[in-house]
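Summary of the model geometry
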Amino acid sequence: MANVQLAKNLWSMKFKAPEIIEEYFGAGQFISILVCDTWEHPLRRPMSIADVKGDCISIIYKTVGAVTKSLAKMHPGDSINVLGPLGNTFTGWEDGRDSILVGGGVGLAPMLNLHKMVKTSTIIIGARTSEEHFLSHSPQEGIFLTTDDGSIGIRGTVIPTLESQVMSKQNPKIFACGPEPMLKAVQSFALENQIPTQLSVESYMACGIGICQGCAIKKTEKEGIMRQTYHEKYDLVCVNGPVFSAEEVTFD
Ligand SMILES: Cc1cc2nc3c(=O)[nH]c(=O)nc-3n(C[C@H](O)[C@H](O)[C@H](O)COP(=O)(O)OP(=O)(O)OC[C@H]3O[C@@H](n4cnc5c(N)ncnc54)[C@H](O)[C@@H]3O)c2cc1C
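Residues numbered from 1 in each chain as written. Predicted model: local features only at pLDDT ≥ 70, side-chain atom pairs only at ≥ 80, totals over all residues. Heavy atoms only, no water.

1. What about the domain arrangement of the protein chain?
When the domains of the protein chain are assigned, the result is domain 1 (2-86), domain 2 (91-202) and domain 3 (204-252). One C-alpha centre belongs to domain 1, the other to domain 3, and the line joining them spans 25 Å. Listed by partner, the interface residues are 8 residues for domain 1 and 8 residues for domain 3. The contact between domain 1 and domain 3 buries some 610 Å² in all, and 69% of this surface belongs to carbon and sulfur atoms. The interface formed by domain 1 and domain 3 contains 0 salt bridges. Remark: the boundary between domain 1 and domain 3 carries 0 residue pairs in polar contact (both at pLDDT 80 or more). For the side of domain 1 that touches domain 3, the secondary-structure elements that each account for two or more residues are β3 (30-34) and β7 (81-86). (Domains from an automatic or database assignment. Contact = heavy atoms within 4.5 Å. Buried area = accessible area lost by both parts, 1.4 Å probe. Salt bridge = Lys/Arg side-chain N within 4 Å of Asp/Glu carboxyl O. Polar contact = N/O pair within 3.5 Å; in protein donor to acceptor, adjacent residues only side chain to side chain. Helix = DSSP H or I, 4+ residues; strand = E, 2+ residues; numbered from the N terminus.)

2. Focus: helix α5 (residues 180-192)
For an α-helix, the turn length of 3.6 residues means that residues three or four places apart are oriented alike. Relative to the 18 Å expected for 13 residues at 1.5 Å per residue, α5 spans 18 Å between its end C-alpha atoms, a close match to the ideal helical length. Listing the buried residues of α5 in full gives Met182, Leu183, Val186, Gln187, Phe189 and Ala190. Each buried residue of α5 sits inside an arc of 170° when the element is viewed along its axis, so together they form one side. Turned more than 90 degrees away from the buried face of α5 sit Pro181 and Glu192, all of them exposed. Directly after α5, the chain includes Gln194, whose backbone phi takes a positive value near 50°. (Expected span 1.5 Å × (residues − 1). Buried < 20%, exposed > 50% of the residue type's maximum accessible area, 1.4 Å probe, protein only. Arc of directions from axis to C-beta.)

3. Things to note about the site of the ligand
The environment of the ligand is made up of 20 residues, and the closest members are Pro46, Ile60, Thr68, Glu202 and Ser203. Pro46 places a polar main-chain atom, nitrogen or oxygen, 2.6 Å from an oxygen atom of the ligand. Lys62 places a polar main-chain atom, nitrogen or oxygen, 2.9 Å from an oxygen atom of the ligand. In isolation the ligand has 890 Å² of accessible area, and contact with the protein removes 74% of it. Counting residues per element, the ones that place at least two in the shell around the ligand are β4 (45-48), β6 (56-62) and α2 (66-72). At 4 residues, β4 tops the list of elements feeding residues into the shell around the ligand. A class-by-class count of the residues in the shell around the ligand yields 13 nonpolar, 4 polar and 3 charged. Counting residues domain by domain, the shell around the ligand receives three or more from each of domain 1 (2-86) and domain 2 (91-202). (Near = heavy atom within 4 Å. Areas by Shrake-Rupley, 256 points an atom, 1.4 Å probe, with all protein chains shown as cover. Nonpolar A, V, L, I, M, F, W, Y, C, P; charged D, E, K, R; others polar.)

Below you can see the structure in the form of structure tokens.
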């Protein structure tokens, strides 16, 4: 196991998980982690798979609460309980369109994973300040960093950079992961401009396997389709996602 700090409150953990790799399908899938140090946090926490190499997988995590703060204190030799791989994957990046990848905050983890598979792509990563970034802003290589305070890369959210990149491509396609306000903004831009888009949703969830129902997300209403029951109206991010096409789901 390796556990290194990448940037402010941002860590990367790499560990052996051959059984998970055997079942792994691709970028977008996640694992669910139980830290077994005390009885204080009995619930699993979902983390996107950021990389797969040999028999190891990597995650990139932000220290926001009890479990991620415990993870940051771990050393080689310590153990965690990992369930996975869970969820679906991004699809269709090899269809010849110009892929534009957008990651906000820790939403960068699955986007970095996808970036390795998409040969020619543009990646836009947003954070609040330069302290939260660990990549270099390199537009000539298709890597665009944005910061709310302009301390590195382009000042502002990822949205203006996404818009200008979309306008510069002939046949764009968007893949995005990040906090809900960012996904909502990407979704409304994509739908208005009819750009094929897949969104990986990071909702709060406890089990990761469809039992707790904590990660329900509303399906978009469609003319002529009458949805009555709970299961007709909602998808679960853990088992139906986390990747959805922009037309499929509605954020509250
Ligand atoms: C499919 C999926 C993939 C994810 N991948 C990653 C990843 O690669 N790296 C990463 O750092 N995190 C990821 N997350 C989010 C991560 O699971 C949560 O941040 C987790 O709850 C942190 O656990 P904690 O005990 O440290 O903090 P908690 O005590 O659980 O939470 C601390 C604070 O963050 C808020 N919070 C927690 N989770 C969320 C959320 N999903 N949305 C909004 N607010 C939240 C809580 O309300 C609380 O205020 C992912 C979530 C999903 C659903």
